[in-house]
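Survey of secondary and tertiary structure
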Amino acid sequence: MKNDKTSLLNPTENEIKMYVSTHEEDWEYSDKLIYFPCVGDAKRLRLCKIQEKDARGPIRTFLLNWGMMGRVLKRKNYKGWEKRLAETLRGICNQLEEFRKLNLENTDISSQKDNVKRCYEVVSNIVGPTSAGKTLHVICPNFFPLWDLGIREKVSEERRGLGKAGIGRSATGYYNFMVEIQGFLKRYAKILSELSRKYSKSKLRIIDEFMWRGADD
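Residues numbered from 1 in each chain as written. Predicted model: local features only at pLDDT ≥ 70, side-chain atom pairs only at ≥ 80, totals over all residues. Heavy atoms only, no water.

Backbone geometry at Met-68 places phi at a positive 55°, although glycine is not the residue there. Residue placement: Met-68 occurs in the loop between α2 (52-66) and α3 (70-73). Since its relative accessible area comes to 48%, Met-68 is described here as partly exposed. Even without being a glycine, Ser-200 presents a positive backbone phi close to 55°. Mapped onto the elements of the fold, Ser-200 is located in the loop between α10 (189-199) and α11 (203-215). (Helix = DSSP H or I, 4+ residues; strand = E, 2+ residues; numbered from the N terminus. Buried < 20%, exposed > 50% of the residue type's maximum accessible area, 1.4 Å probe, protein only.)

In this section: the environment of Ile-59. Inspection of the secondary structure puts Ile-59 in helix α2. A residue is classified by how much of its surface remains accessible, and Ile-59, at 0% relative accessible area, is buried. C-alpha separation for the pair Ile-59 and Val-39, spaced 20 residues apart in sequence, amounts to 8.6 Å. Ignoring sequence-local partners within four residues, the contact set of Ile-59 consists of Leu-45, Ile-50, Leu-85, Leu-89, Thr-135, Val-138 and Ile-139. (Contact = heavy atoms within 4.5 Å.)

Inspection of the entire model under this criterion finds 19 salt bridges. Among the ionic pairs, Glu-194 bridges to Lys-17, the shortest N-O distance being 3.8 Å. With Glu-194 in helix α10 and Lys-17 in helix α1 (residues 13-43), the pair connects residues that are 177 residues apart, well separated along the chain. Where salt bridges share partners, they join Glu-24, Asp-31, Lys-201, Arg-205, Asp-208 and Glu-209 into one cluster. (Salt bridge = Lys/Arg side-chain N within 4 Å of Asp/Glu carboxyl O.)

This paragraph deals with the packing of aromatic side chains. Tallied over the full model, the rule gives 17 aromatic pairs. Ring geometry for Phe-143 and Phe-144: centres 4.9 Å apart, planes at 75°, overall edge-to-face. For the pair Phe-143 and Phe-144, one class covers both residues: buried. The ring of Trp-147 carries the charged tip of Arg-152 above its face, separated from the ring centre by 4.7 Å. Here the basic side chain of Arg-205 rests over the ring of Tyr-35, its NZ or CZ set 5.3 Å away from the ring centre. (Phe/Tyr/Trp six-rings, centres within 6.5 Å; stacked < 30°, edge-to-face > 60°. Lys NZ or Arg CZ within 6 Å of the ring centre and 35° of its normal.)

A few words now on the layout of surface pockets. There is about 560 Å³ of room inside the largest pocket. Around the largest pocket sit 29 residues that line it, and Gly-67, Met-69, Thr-130, Lys-134 and Asp-148 are the ones nearest its centre. Broken down by secondary-structure element, the contributors of at least two residues to the lining of the largest pocket are α1, α2, α3, α7 (129-139), α8 (149-161) and α11. Considering only residue class, the lining of the largest pocket consists of 13 nonpolar, seven polar and nine charged. (1 Å grid on protein atoms, 1.4 Å probe; cavity = no way out; pocket = protein on both sides within 12 Å on 5 of 7 lines; lining within 4 Å. Points joined across faces, edges and corners; volume = space filled by probe spheres on them. Nonpolar A, V, L, I, M, F, W, Y, C, P; charged D, E, K, R; others polar.)

Printed below as a string of C-alpha cells:
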C-alpha cells in the first residue's frame, strides 16, 4: 500500500476509497465505541455553563481514549487542564454555539477567520495544537476538522510545493488548514458523499480517515 506519490490535498478518488476502506477495516469499532458516543454527549453540553466534571466526560474521553493524546495531556505541565479548559470554553461559548450551527462545506470561511483563530488559540493554549483541533471537532463536528502532526507536516509540504505558505501549529495555520479542507470538500463532493453514506459518517470524519492514513505513508 506504500505510495510516495499519494497527495493529501489532490489524491485520486481511488486513493481516497482505498485509504478509507482500509481504515474502516482496522478501526471501525473504535468509532462505534468511542467517537460517536463522545460526539453525541458533547452535543448535549451547555457550553456557557460547562464545568470541570463536564470536560472530564466526553471531551476528556475523546482526547485520551479516541484521540490518543494521553502521552501529551498527562505531562506535568498539563496538570489540571480539564478545569482550565472548562473555564476557557465558557469564555468562548457563544461563538462555539454559533459554530455548532455551521457546516464547513457551505460556510463563507473568510468571514469567520478571526473567530476561528480566536477559538483555536485559546483552546490550544490549554491543551496544545493537536488536542485543540480534536476538542473543537468533538464540540462542532461539522465545522472544525481534525488534524495531527503528521497531517500538518504533509499538508505543509504540499502547500509549499504549490507556492503557498506551509501550515504550522498556530491559529493562522489551523485556519489555513480549514481553508484547504473546505476546498477538498468541494473538489471531492461526489466521492465524499458516497463514502459518507456507505459508512454513516460525516464528510469531515471521512477526510480525516483518508488523511490520517495518507500522512502515515
